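Observations on the model geometry
Listed below are the residues making up each chain.
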Amino acid sequence: MTEEKNWHTHRDAKNARLASASSLLNGKFAKTKDVVEVLNALIKPGDKVVLEGDNQKQASFLSEALTKVDPERVHDLHMIMSSISRPEHLDIFDLGIASKMDFSFAGPQSTRVSQMIADGTMTVGDIHTYLELFGRLFIDLIPNVVLVAADKVDHEGNLYTGFNTEETPTIVEAAAFHDGIVIVQANEVVDKLPRVDIPSDWVDIVIPADKPYQLEPLFTRDPQAITELQILMGMMAIKGIYAKHHVQTLNHGVGFNTSAIELLLPTYGEQLGLKGKICRNWELNPTPTLIPAIESGWVQSVHSFGGEVGMEKYIAARPDIFFVGKDGTMRSNRALGQVAGQYALDMFVGSTLQIDQWGNSSTVTNGRLSGFGGAPNMGSNPTGRRHSTPAWQSLKPDDDPLAKGQKLVVQMVETFGSNKKPVFVDHLDAEKVRKEAKLANVPIMIYSEDTTHIVTEEGIAYLYKTDSMEEKKAAIEAIAGVTPVGLRSNPKEVKRLREKGIVALPEDLGVRREDAKRSLLAAQTMDDLVEWSHGLYNPPAKFRSWS
Amino acid sequence: MRSLWLFPGQGGQHAGMLDQVNQQLKEQVEKWTNVKLVDTADAYQDSVQIQLSILLLQIDQVDRLQKLDWNPTLVAGHSLGVFAAAYAAKVISKEDVFKLVALRAKLMQECYPEGYGMGVVVGLSRSEVKKLVAQVHSETNPVYISNQNSEMQNTVSGKISAIEEMLELAKENGASKAKLLHVPNPSHSPLMQKAADQLNAFISTLDLHKPSCIYLANYNGHAVKNLEDITYDLGNNLIYPVLWETMMQVALEYQPTSSCEFSPGTAFTKLLKAKTDQLNIVTLSTMLVDDADYLFNKWEKNND
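It should be emphasised that the depicted structure is a prediction, and the values quoted were computed from it without experimental measurement. (Residues numbered from 1 in each chain as written. Chains lettered and ligands numbered in written order. Predicted model: local features only at pLDDT ≥ 70, side-chain atom pairs only at ≥ 80, totals over all residues.)

**Digging into the overall build of chain B**
Operational definition: A run of H or I in DSSP becomes a helix once it reaches four residues, and a run of E becomes a strand once it reaches two; helices and strands are each numbered from the N terminus. Values of the radius of gyration come from C-alpha atoms, whereas the globule rule sets the reference at 2.2 Å times the count of residues to the power 0.38. Burial is judged by counting the other C-beta atoms within 10 Å of a residue's own C-beta: 20 or more makes it buried, 12 or fewer makes it exposed, and any count in between marks it as partly exposed, with every C-beta position built from the backbone. By definition, residues are in contact whenever their C-beta atoms, placed on the basis of the backbone, come within 7 Å of each other.
A count of helices and strands for chain B gives 11 helices and 10 strands. Expected size for 304 residues packed as a compact globule is a radius of gyration near 19 Å; at 19 Å, chain B falls within 12% of this value. Its C-alpha atoms put chain B at 55 × 45 × 35 Å along the principal axes. Burial status across chain B gives 49% buried among its 304 residues. Intrachain contacts of chain B at a sequence separation of at least 6 include 72% that bridge at least 24 residues.

So this is what it looks like as structure tokens:
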């Protein structure tokens, strides 16, 4: 008889690693000062390591420690990160500690990422959408070690992650149930947690951090910076898309365009008699510019991917609206939020840096391999859906009894960007970037086939109504202003497209340019938002004005 | 506090700019280089006077700040500025840096007595300028794309006749500004190869040291931390475009909390302000080192 096969080699390896670090551990707890030694002992060359860099929350104590490990002992790590945000996330590549990266978003480090790929310091597995990255943690990118951040930990090792839970439970689950090692940095050790977000059973090591994890207020938009052009586009979108398609469930991107819409609902939306008919249920980070719409009764519910600095007290006081634990603090969840975005929402509205002649869009430009945040998942049309909502049904072609509806995916852009470069281009920079970085796929953020509407200051193109690629291109040209793409548009064709309802100019929608005034915004300053919130919203320092 | 120190190159020199510098240091420099520094508008027609005077101004400011215990996290020099940047990063000694720049200025002066220079194009992207340069450039009428000052502001270097032709073309193609610069040589282009070779020969005799901070290299726009890359940049930045825009993007990705532009001028702070509002800003041409010290102390306290 042959010797019996060992079916628990992973567990044995994990136990051996933990045993080798036992002198540094008291139960699950290690000392703050020993963090580098703990990492030296527990991480092995070639390991797949998830370092928690979320959209907002960063495991900054652990990422700084990782730059100090001994590259002789710890090298060639395969990093898996949803967001490359901090300089040390790349310093570990300079130092030879890591060599491969799978990621979703690299906006804050996009130039260095491009350079490192070009000079071979980093090889890229894939640039994923969030759900592809999270999904693959359970399939073929199962982590050996995960390094995550918690707000509070109790003496058992239970974790409270609160507002900023984001993807922490998803990352921890992938490791905890496949013999990966879960290492947590904690802001604070307490006797009793407000609530348990992650049970201690899933946690191997806890290290109290020297300072709280880094947290960015990413979704705060100062109403002061909203322009009248954005207000005009917001009015067109509300009338020509939100009302037309009876959009009840939705997600907004992070731009000023969508902030403008949030602030127009209680004023312009009210005038149009749309309250209660549109924008009721949201998948959205708790953006402060939604406060006036909530306070005036537009919003029934908001589920969030992550938290937002300064919104804590306001959320605690509005548990009917937000997802709040018994303890009174919100719980966010990026993985479930992204799923909801794909399968539960009528509409996604976002913005981009470039749109090509066919309607593909991307925020990757020359020299900057930024990857994408939530947009590629939120801005896609899952083809297996079957919804009965008015919005989904309204995009169903009439002439086919088996036809499906479609999710609304709307891009809102001004025809020229802030750098005076045209947004509408014949070819995306992303095509060139694919060649330079030797990527398998062109880094397109939202594909043409998923994009149902484009809104510019010129008008709206209803792309889902077009019959051919030629017609789609003409519809895009019609609203592309004086960009090279827009200059190809001819008046006869635009007239035909307007008659067919494929293109709508402001006058076709009954929106008057002269009505697009800042006074139409429900809040014009951060102070106004604080007032709407009854003093519960506490803007982060950089958004406070002292004048 | 994470501080980004910026060192401009030629362009901002003006009569009387050396009024406040340490006189002992100035005399020392004159001895090391055998050049009398005159600090008049007339003298600043001369490239050796310009380069040594700007360097002196910057080194004096670095000395004063470092004496007060301020040190950079990141240094970025534009063209001539790389030398004070390397000095601030403790790569090169004071005596060596002045001798090196004296040689650089002389070599630059000698290699193209007339007929060559630089131009600037505003309002076109780098790839657009590249295309136009390719239409004009030939072996006998050479012009190259050179410095990338910001996304929509690039320079070209070469023979004046070729530059003028290229600038005309740029205007026809929508440039908002296209003009010749008062620079008497085709800096930051392959035409400077001979000067670079001689400079490298001298650099190879110097005793250079590992940098104490991150150095942003002109020639490839990377953040470098090893001596080899810095040595290469000091000797060869003359034959490469200064990739300033890329250098600044990379610098900002290191998330500095303050920036400090050394004299003369404030041009690079203005470019930086167009990219970010997250920095505390000092410009030494508009304030005393003591004022900078006060501000740094204040910001450091606020950050803690």
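**What to know about the overall build of chain A**
When helices and strands are tallied, chain A shows 19 helices and 23 strands. Over its C-alpha trace chain A gives a radius of gyration of 25 Å, about what one expects of a compact globule, namely 24 Å for 547 residues. The C-alpha extent of chain A, read off along each of the three principal axes, is 80 × 55 × 50 Å. Residue burial in chain A is summarised as follows: out of 547 residues, 55% are buried. Summarising the internal contacts of chain A: among those between residues at least 6 apart in sequence, 74% fall at separations of at least 24.

**What to know about the sheet that holds strand β16 (residues 347-350) of chain A**
Residues and elements named next belong to chain A. The line we're drawing: Two strands form a pair only when DSSP identifies at least two bridges running between them. Here the axes come from fitting lines to C-alpha atoms, over the contacting stretch only for helices, and the angles between their N-to-C directions go from 0 to 180 degrees.
Strand order in this open sheet of eight strands is β15-β14-β13-β16-β19-β21-β22-β23, and the pairing throughout is mixed. Whereas interior strands pair on both sides, the edge strands pair on one side only; in this sheet they are β15 (301-303) and β23 (503-504). Across three bridges, strand β14 (residues 281-283) lies against β15 in parallel orientation. Residue pairing in the sheet places Glu283 in a bridge with His303 of β15. Lying over the sheet, helix α8 (residues 228-243) contacts β19 (408-412), β21 (453-455), β22 (460-462) and β23, oriented at roughly 150° with respect to β21.

**Focus on unusual backbone geometry**
All names here are of chain B. Pro264 follows Ser263 through a cis peptide bond whose omega is -5°. Despite not being glycine, Asp69 has its phi angle at roughly 75°, a positive value. Among the structural elements, Asp69 can be located in the loop between α2 (47-67) and β2 (74-77). A tally of 8 C-beta atoms within 10 Å means that Asp69 is categorised as exposed.

**Concerning the interface of chain B and chain A**
In many analyses, interface size is given as the accessible surface area lost on bringing the parts together. Just so we agree on the cut-off: All amino acids are sorted into three groups, where Ala, Val, Leu, Ile, Met, Phe, Trp, Tyr, Cys and Pro are nonpolar, Asp, Glu, Lys and Arg are charged, and the leftover types, Gly among them, are polar.
Every contact between the two is made by 10 residues of chain B and, on the other side, nine residues of chain A. Its residues placed into classes, the side of chain B that touches chain A shows three nonpolar, five polar and two charged.

**What about the packing of helix α5 (residues 126-136) of chain B against helix α6 (residues 160-172) of chain B?**
All names here are of chain B. Condition: Under this scheme an angle from 65 to 115 degrees is roughly perpendicular, one under 35 degrees roughly parallel, and one over 145 degrees roughly antiparallel; angles in between are oblique. A clockwise turn of the near helix away from the far one marks a right-handed crossing, whereas an anticlockwise turn of less than a right angle marks a left-handed crossing.
The interhelical angle for the contact between α5 and α6, taken along N-to-C directions, is 135°, at an axis separation of 9 Å. By the angle between their axes, α5 is oblique relative to α6. In this structure, the crossing between α5 and α6 has a hand that is right-handed. Between α5 and α6, the residues in contact are Val129, Leu132, Val133, Gln135 and Val136 and Ala162, Glu165, Met166, Leu169 and Ala170, respectively. Residue composition of the contact of α5 with α6, by class: eight nonpolar, one polar and one charged.

**Side note on helix α16 (residues 469-478) of chain A**
Taken residue by residue, α16(A) has A:Lys472, A:Ala474, A:Ala475, A:Ile476, A:Glu477 and A:Ala478 as its buried positions. Packed against the buried residues of α16(A) are β20 (424-425), β21, β22, α17 (491-499) and β23 of chain A.

**Quick word on the domain arrangement of chain A**
All names here are of chain A. Short version of the rule: Each domain's extent was defined by an automatic or database domain assignment.
Assigned domains within chain A: domain 1 (28-215) and domain 2 (223-526). Taken over C-alpha atoms, the centre of domain 1 sits 32 Å from the centre of domain 2. Contacts between the two partners involve 30 residues from domain 1 and, on the opposite side, 31 residues from domain 2. Contributions of two or more residues to the side of domain 1 that touches domain 2 are made by β6 (98-105), α5 (110-118) and α6 (130-136). Split into classes, the residues belonging to the side of domain 1 that touches domain 2 amount to 13 nonpolar, 12 polar and five charged.

**Side note on the pairing of strand β4 (residues 143-150) of chain B**
Here β4(B) lies mainly inside the structure; seven of its eight residues are buried. What sits between the antiparallel neighbours β4(B) and strand β5 (residues 153-159) of chain B is a turn of two residues.

**Observations regarding the sheet that holds strand β9 (residues 258-261) of chain B**
Residues and elements named next belong to chain B. Spatial ordering of the open sheet is given by β8-β7-β2-β1-β9-β10, a layout of six strands whose pairing is mixed. A single partner strand is all that each edge strand has here, and the edge strands are β8 (223-224) and β10 (280-283). Note: β9 against β10, four bridges, orientation parallel. Bridged to Ser258 within β10 is Asn280.

**Focus: the environment of B:Met17**
As for its position among the elements, B:Met17 is in the loop between β1 (3-7) and α1 (23-33). Under the C-beta neighbour-count criterion, B:Met17 is labelled partly exposed, with 19 such atoms within 10 Å.

**Let's talk about helix α15 (residues 429-437) of chain A**
Residues and elements named next belong to chain A. Note the threshold: Think of it as the arc spanned by the lines of direction from the helix axis to the C-beta atoms.
Every buried residue of α15 is accounted for by Asp429, Ala430 and Val433. One side of α15 holds all its buried residues, which, seen down the axis, span an arc of 90°. Buried positions along α15 lie against β17 (354-356) and β18 (361-362). Of the residues one or two after α15, Lys438 is the one with positive phi, at around 55°.

**Structural notes on the pairing of strand β8 (residues 145-153) of chain A**
Residue and element names in this part refer to chain A. The element β8 is largely enclosed, with a buried count of eight among its nine residues. Two elements, strand β3 (residues 48-51) and β8, share three bridges in a ladder whose sense is parallel. Directly across from Val50, in β8, lies its bridge partner Val146. Summarising the sheet, β8 and strand β10 (residues 181-189) pair through eight bridges and their orientation is parallel. Within β10, the position partnered with Ala150 by the bridge is Ala186.

**Some words on the environment of A:Val50**
Residues and elements named next belong to chain A. Among the secondary structure elements, Val50 is positioned in strand β3. For Val50, a count of 29 C-beta atoms within 10 Å puts it in the buried group. On a C-alpha basis, the gap between Val50 and Arg86 in space is 15 Å, while along the polypeptide they are 36 residues apart. In contact with Val50, other than residues within four places in its own chain, are Ile80, Met81, Pro143, Val146, Leu147 and Ile171.

**Some details on the nonpolar core**
For clarity, the threshold we go by: Linking buried Ala, Val, Leu, Ile, Met, Phe, Trp, Tyr and Cys residues through C-beta atoms within 7 Å yields a set, and such a set is a nonpolar core.
Of all hydrophobic cores here, the largest spans 161 residues; its most connected members are A:Val146, A:Leu147, A:Ile183, A:Val184, A:Leu264 and A:Ala461. Looking at this core, the element that brings in the most residues is α8(A), giving nine residues. A domain-level breakdown of this core finds at least three residues from each of domain 1 (28-215) and domain 2 (223-526) of chain A. Beyond its immediate stretch of four places on either side in the chain, A:Leu147 contacts A:Val49, A:Val50, A:Leu51, A:Glu52, A:Ala59, A:Leu62 and A:Ile183. In terms of nonpolar packing, the next biggest core, distinct from the first, is built from 69 residues, B:Ala76, B:Ala86, B:Ile92 and B:Met108 among them.

**Quick notes on the environment of B:Leu37**
Residues and elements named next belong to chain B. Mapped onto the elements of the fold, Leu37 is located in the loop between α1 and α2. When the 18 C-beta atoms within 10 Å are taken as the criterion, Leu37 is described as partly exposed. For the pair Leu37 and Asn218, spaced 181 residues apart in sequence, the C-alpha to C-alpha distance is 27 Å. Look past the residues within four positions of Leu37 in its chain and what remains in contact with it is Leu18, Lys26, Val29, Glu30, Gln49, Leu52, Ser53 and Leu56.

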